[in-house]
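Chain by chain, the residues run as shown.
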Amino acid sequence: MAVITRFFNTKKSNLYYFTLLAILCTAFYLVGVWQNSFGSIPNSSTTSSATSAAGFLTSAPCSTFQTTQLDFYPHHLPPDPPPSAARVPHLPPCDPSFSEYTPCEDVQRSLKFDRDMLVYRERHCPERHELLRCRVPAPHGYRVPFRWPESREFAWFSNVPHKELVVEKKNQNWVKVEGEKLRFPGGGTMFPRGADAYIDDIDRLINLKDGSVRTAIDTGCGVASWGAYLLSRNILAVSFAPRDTHEAQVQFALERGVPALIGVFASIRLPYPARAFDMAHCSRCLIPWGHYDGLYLIEVDRILRPGGYWILSGPPINWETHWKGWNRTADDLKAEQSRIETVAKTLCWKKIAQKNDIAIWRKPTNHIHCKAIRKVFKQPRFCRTQNPDMAWYTKMETCLTPLPEVSNIREIAGGALAKWPERLNAIPPRISSGSLTGITEKMFVENTETWKKRVAYYKKIDYQLAETGRYRNLLDMNAYLGGFAAALVDDPVWTMNIVPVEAEINTLGVVYERGLIGTYQNWCEAMSTYPRTYDFIHADSIFSLYKDRCEMEDILLEMDRILRPEGSVIVRDDVDVLVKVKNTVDVMQWDARIVDHENGPHERHKILFAVKQYWTAPPQNQQGIKTASFF
């Protein structure tokens, strides 16, 4: 009982202790609140004015209270470094005399090089210290080109102000001037009835309708009427010609909305992979096929797919009829045709037709028979070491590019291609055979689906891309497997697919196996094309690829050169890269904005959409001192 009494006494004393402590804490808290509520003691004047007649103290204005401001800033910092101004690029317009400037085919620079084998007409790019640091202007009066298919027949004269071909080819229906317009009747030296009728003649000799012929190359193309009229037959031709005395022939082709590049048969390989084209064509192209040990026909053989066709019209074909009009002797023409026939046989080609002015040879589908007859034809020997797809400043050789091995005479070397349009999405033989390390069939299918999704996203952001006919000539600066172009195949556009020579895997052969076209390019150099070639440029990770290789500004200036006024650009890259790109294009008269990746805002990769503003060179009477600046 005593223990219980002590327990309750102890408990009662603890309760008194905590009660007293709570009362004291509350009292001190209230005193503190009362003191801080009124700040300092008011003086007499303040007291009298703040007291009501009833004698109660009223609230004084907040401005009369003195409060202590706490300072949380450190007071022992080193001095800030002097601010450095951000570098603003200065990229003014070039002088109007540069309106058709092609840096790597500059006429004055070319004169320094050897004329033998037309080496001086090959690519000869400026050194770094010679690069233009200005924007190439459109000629005064430049107008947005006609839309396809009207552009096949018409172009604005102010866009390509040249009359040389009008005069020189006036009897051959190449091009005519009609007021403000250029009209292209579709004629050519060897097809005065028009390109359509000429193609019909070819179609009677080989089948152009069943989809087995999809890609073609036209050597010495004139104004590319052959390629222009093949498009309606679902055949995509790359037309090329040098920048020579036939002023602006490639430029005319591009203005018409037809795929074309500046190029020449000289001493280096054409910039295409082996087994690229289903058909090659020469209509009075004046290329010396029988000379240099058949070097140029050997190059045609390299780029023709197994079973591909080579078509020749004009001298010396049908020389018996035309030799007087060609101002050459019959013996000379007969000897030239004999040389061509001999070279074709050494390449194992079979002549399958010659009718009137057209002759057609066919490349074998494999080299089983060709290797057997090397005992008869010692030359050209088969190439042994050189990569057949390597074609960037690669010297031609007088050796025959071997086709991939086959197990029997009926097998197609490298694999059979599906017919168009199934060919577009069929697994390319280079992938199915495993010859491209690191790319599988699954990756190809996934890449195709990815680009369908991406292009659909682009069209939601850029309504002009979704507008049928707004764009015609497209460029993909880093095409990989050609997925971007494949996603647009149903639109009235064509895409030049570029595989950079610095790319980890050379995929241009896959692009051609899909029935698309393209070329190689080093983007530290200018492209072999005229200013204002493209309506639309797509660049996927191109600036990351060329980081530390060359200046971003130089690549952007080249893009500006080959982009038409009011043309559009889409750039995909890391967000930090795109911020730098936008800072530069903001001074290039481009309207640009950065948007999120199609997968959402959490992706580091973003997308820049840009439009080049319309601007041209001033009228001639206002053209003063040259504004071109050099780096």
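Quantities reported herein were computed from a predicted structural model and do not represent experimental measurements. Position labels on residues start from 1 in each chain and follow its written sequence. Given that this is a predicted model, residues contribute local features only at a pLDDT of at least 70 and side-chain atom pairs are listed and counted only at 80 or more, while totals for whole chains, interfaces and linings are drawn from all residues. Hydrogens and waters are ignored; side-chain quantities use all the structure's heavy atoms.

Trainee: Please explain the overall build of the protein as it appears in this structure.
Mentor: Across its full length, the protein holds 19 helices and 17 strands. By the burial criterion, 51% of the 631 residues in the protein qualify as buried. Considering only residue pairs separated by 6 or more positions, the protein has 69% of its internal contacts joining residues 24 or more positions apart. Here the open area of atoms and residues is found with the Shrake-Rupley method and a 1.4 Å probe, where only the protein chains shown may cover a residue. If you sum the accessible surface of the protein, you get close to 31400 Å²; carbon and sulfur atoms cover 55% of it. Secondary structure elements follow DSSP: runs of H or I of four or more residues count as helices, runs of E of two or more count as strands, with numbering from the N terminus. A simple rule labels every residue: compare its accessible area, found with a 1.4 Å probe on the protein chains alone, to the largest value its type can have, and call it buried under 20%, exposed over 50%, or partly exposed in between. Residues are treated as being in contact if the distance between any of their heavy atoms lies within 4.5 Å.

Trainee: How should the sheet that holds strand β3 (residues 181-183) be read in this particular structure?
Mentor: By way of backbone hydrogen bonds, the strands of a sheet pair with one another, either parallel or antiparallel. Paired strands, as defined in this entry, are two strands with at least two bridges between them according to DSSP. As summarised here, the arrangement of the three strands in space is β1-β3-β2, forming an open sheet in which the pairing is antiparallel. Single-partner strands in this sheet number two, and they are β1 (154-156) and β2 (176-178). Taken over all neighbouring pairs, the strand axes of this sheet differ in orientation by 35° on average, direction set aside. For helices, the axis comes from a line fit to the C-alpha atoms of the stretch in contact; other axes are also lines fit to C-alpha atoms, and the angle between any two N-to-C directions lies between 0 and 180 degrees.

Trainee: I keep staring at the nonpolar core and nothing clicks. Help me out?
Mentor: When a protein is soluble and globular, its nonpolar side chains tend to lie buried together. In terms of nonpolar packing, the biggest core is built from 116 residues, with M279, W289, W310 and L475 touching the most fellow members. Looking at which element gives the most residues to this core, the answer is helix α8 (residues 295-303), with six residues. With residues near it in sequence (within four places) discarded, W289 still touches T219, F265, C282, G294, Y296, L297, V300, W310, L312 and I340. Take the buried residues of types Ala, Val, Leu, Ile, Met, Phe, Trp, Tyr and Cys, join any two whose side-chain atoms come within 4.5 Å, and each joined set is a nonpolar core. By size, the runner-up hydrophobic cluster in this structure holds 14 residues, among which are Y458, Y471, L474 and L488.

Trainee: What am I meant to see in empty space enclosed by the protein here?
Mentor: To locate leftover empty space, one rolls a probe as large as a water molecule over the atoms. Cavities and pockets were defined on a 1 Å grid built over protein atoms only: a cavity is a set of grid points that admits a 1.4 Å probe from which the probe cannot escape, a pocket is an open set flanked by protein on both sides within 12 Å along at least five of seven lines, and lining residues are those with an atom within 4 Å of any such point. Grid points are joined across faces, edges and corners, and a volume is the space filled by probe spheres set on the points. Tallied over the full model, the rule gives four cavities of 30 Å³ or more. In this structure, the largest cavity occupies an estimated 310 Å³ of space. Along its surface, the largest cavity is lined by 22 residues, and R123, I262, G263, P271 and S528 are the ones closest to its centre. Going through the elements one at a time, β6 (260-262) and β13 (517-521) are the ones with two or more residues in the lining of the largest cavity. Ranked by residue count, the leading element in the lining of the largest cavity is β13, at three residues. In terms of residue class, the lining of the largest cavity is made up of 13 nonpolar, four polar and five charged. Throughout this entry, Asp, Glu, Lys and Arg are counted as charged residues, while Ala, Val, Leu, Ile, Met, Phe, Trp, Tyr, Cys and Pro are counted as nonpolar. The remaining residues, Gly among them, count as polar.

Trainee: I would appreciate a short explanation of the state of the cysteines in the present structure.
Mentor: Every disulfide links exactly two cysteines, by a covalent bond between their sulfur atoms. By definition, disulfides here are pairs of cysteine sulfur atoms that lie within 2.5 Å. Summed over all chains, the structure comprises six disulfides. Bridging C94 to C134, the disulfide has an S-S length of 2.0 Å. Between C94 and C134, the S-S dihedral sits near 100°, and the bridge is therefore right-handed. Here C94 is found in the loop between α2 (44-50) and α3 (107-110), whereas its partner C134 is found in the loop between α3 and β1, with 40 residues between them in sequence. Overall, the relative accessible area of 4% leaves C94 in the buried class. C134 gets classed as buried once you look at its relative accessible area, which sits at 4%. With its sulfur 1.9 Å from that of its partner, C383 forms a disulfide with C399. Across the disulfide from C383 to C399, rotation about the S-S bond amounts to roughly 95°, and the bridge is consequently right-handed. Highlighted residues: C383 in the loop between α11 (368-372) and α12 (429-432) and C399 in the loop between α11 and α12, separated in sequence by 16 residues.

Trainee: What's the story with the pattern of salt bridges in this structure? I'm lost.
Mentor: Side-chain pairing between opposite charges can occur once the charged atoms of the two side chains come close. Any Lys or Arg side-chain nitrogen found within 4 Å of a carboxyl oxygen on Asp or Glu counts as a salt bridge. In the structure shown here, the tally under the stated rule is 35 salt bridges. Between K452 and E449 there is a salt bridge, with the nearest N and O atoms lying 3.5 Å from each other. Of the two residues, K452 and E449 are both situated in helix α13 (residues 441-461); the distance of three residues between them amounts to about one turn of the helix. We note a salt bridge from E598 to R572, for which the minimum N-O separation is 3.0 Å. Residue E598 is found in the loop between β16 (590-595) and β17 (605-612), and its partner R572 is found in strand β15 (residues 563-574); the two are separated by 26 residues along the sequence. A relative accessible area of 15% places E598 in the buried class. Residue R572 is classed as buried on the basis of its relative accessible area of 3%.

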